[in-house]
Amino acid sequence: MKKNSMAKTKASASASIGKSGRPEILTEELARKIIRMIEVLPDTDEQVTWSNIVAKVKQKFGHELGRRVLSTKEWGGRALIAEAYEQAHAVQRQLHSQGRIRTNSTMPRQALQARIETLTAKLKVAEQTIAELRVMQYDKLDILRATHFDLRLEVETIKKQKPEKA
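What counts, and at which threshold
Residues numbered from 1 in each chain as written. Predicted model: local features only at pLDDT ≥ 70, side-chain atom pairs only at ≥ 80, totals over all residues. Heavy atoms only, no water. Helix = DSSP H or I, 4+ residues; strand = E, 2+ residues; numbered from the N terminus. Buried < 20%, exposed > 50% of the residue type's maximum accessible area, 1.4 Å probe, protein only. Contact = heavy atoms within 4.5 Å. Areas by Shrake-Rupley, 256 points an atom, 1.4 Å probe, with all protein chains shown as cover. Expected span 1.5 Å × (residues − 1). Arc of directions from axis to C-beta. Phe/Tyr/Trp six-rings, centres within 6.5 Å; stacked < 30°, edge-to-face > 60°. Core = buried A, V, L, I, M, F, W, Y, C linked by side-chain atoms within 4.5 Å.

## With respect to the overall build of the chain
Looking only at helices and strands, one finds 7 helices and 0 strands in the chain. Ordered by position from the N terminus, the helices and strands of the chain form the series α-α-α-α-α-α-α. When burial is assessed residue by residue, the chain has 17% of its 166 residues classed as buried. If you take every contact in the chain between residues at least 6 apart in sequence, the share linking residues at least 24 apart comes to 59%. Summing over all exposed atoms, the chain offers an accessible surface of approximately 14300 Å²; the carbon and sulfur share of this is 56%.

So, in structure tokens, the structure goes:
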């Protein structure tokens with residue numbers, strides 16, 4: 001009996017050899033999500049800096065990963081997050097050199113509020129139109145449902161009206 005229990009403990013010990021320590025936080029899946037987040041930064045007029053990326057990772061994913069971890073972690077021999085950072089930073093520099101500014105970011109607050117009001121008014125009109133159409137469609141369906149229509153009688157009347165050619 002002791003030999004059997006010892007064999008089990010040896011097997012469990014050998015199975016756990018590769019799994020010692022804390023579980024990996026920065027997995028490849030999380031890295032892909034971070035990469036997508038980094039790629040969007042220039043489009044949202046946010047600065048592409050490591051401190052900003054670290055703060056966003058903590059805010060969005062709940063993990064406080066440092067710059068060194070994010071920039072040096074490799075998958076398949078490539079530092080994917082560092083490459084995404086370099087590309088996003090290059091895009092941001094290009095946009096800055098071209099002088100591109102987002103349309104809404106420079107608009108005054110009153111203009112934005114007026115635009116929001118017009119869009120909400122259009123939305124309310126569209127919702128009202130949809131509600132009216134919905135009521136009309138329900139009425140049509142209700143009329144069809146309430147009408148007693150015998151298809152066999154209609155087929156017989158059509159046959160009687162058209163004489164068959166022989």
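## With respect to helix α3 (residues 50–61)
Here α3 spans 16 Å end to end across 12 residues, near enough to the 16 Å set by a 1.5 Å rise per residue. For α3, the full list of buried residues reads W50, N52, I53, V54, K56 and V57. Contacts from the buried residues of α3 go to α2 (28–40), α4 (67–72) and α5 (80–98). Remark: G62 follows α3 within two positions and exhibits a positive phi of approximately 80°.

## Topic: α2
For α2, with 13 residues, the first-to-last C-alpha span of 19 Å sits near the 18 Å given by 1.5 Å per residue. For α2, the set of buried residues is L30, A31, I34, I35, M37 and I38. Relative to the axis of α2, the buried residues are bounded by an arc of 165° and lie together on one face. Seen from the buried face of α2, the exposed residues on the opposite side, beyond 90 degrees, are E29 and R36. For α2, the secondary structure elements touched by its buried residues are α3, α4 and α5.

## Observations concerning the side chain of Q92
If you trace the backbone, Q92 turns up in helix α5. You can call Q92 buried: its relative accessible area is 16%. In contact with Q92, other than residues within four places in its own chain, are P42, E46, Q47 and V48.

## Notes on the packing of aromatic side chains
Taken as a whole and assessed by the stated rule, the structure comprises 1 aromatic pair. Summarising the aromatic geometry, the rings of W50 and Y85 are spaced 4.3 Å apart at their centres and angled 25° between planes, so their arrangement reads as stacked. Here Y85 lies in helix α5 and W50 lies in helix α3, a separation of 35 residues in the sequence. The residues W50 and Y85 share a single accessibility class, namely buried.

## A closer look at the nonpolar core
Core analysis: the largest hydrophobic core is formed by 21 residues, its most contacted members being L26, I34, I38, I53, L70 and I81. At the level of elements, α2, α3 and α5 are the ones that each hand at least two residues to this core. In terms of residue count, α2 provides more of this core than any other element does, 6 residues in total. Each residue touching L26, except ones within four places of it in the same chain, is listed here: A31, I34, L65, V69, L70, K73, W75 and I81.

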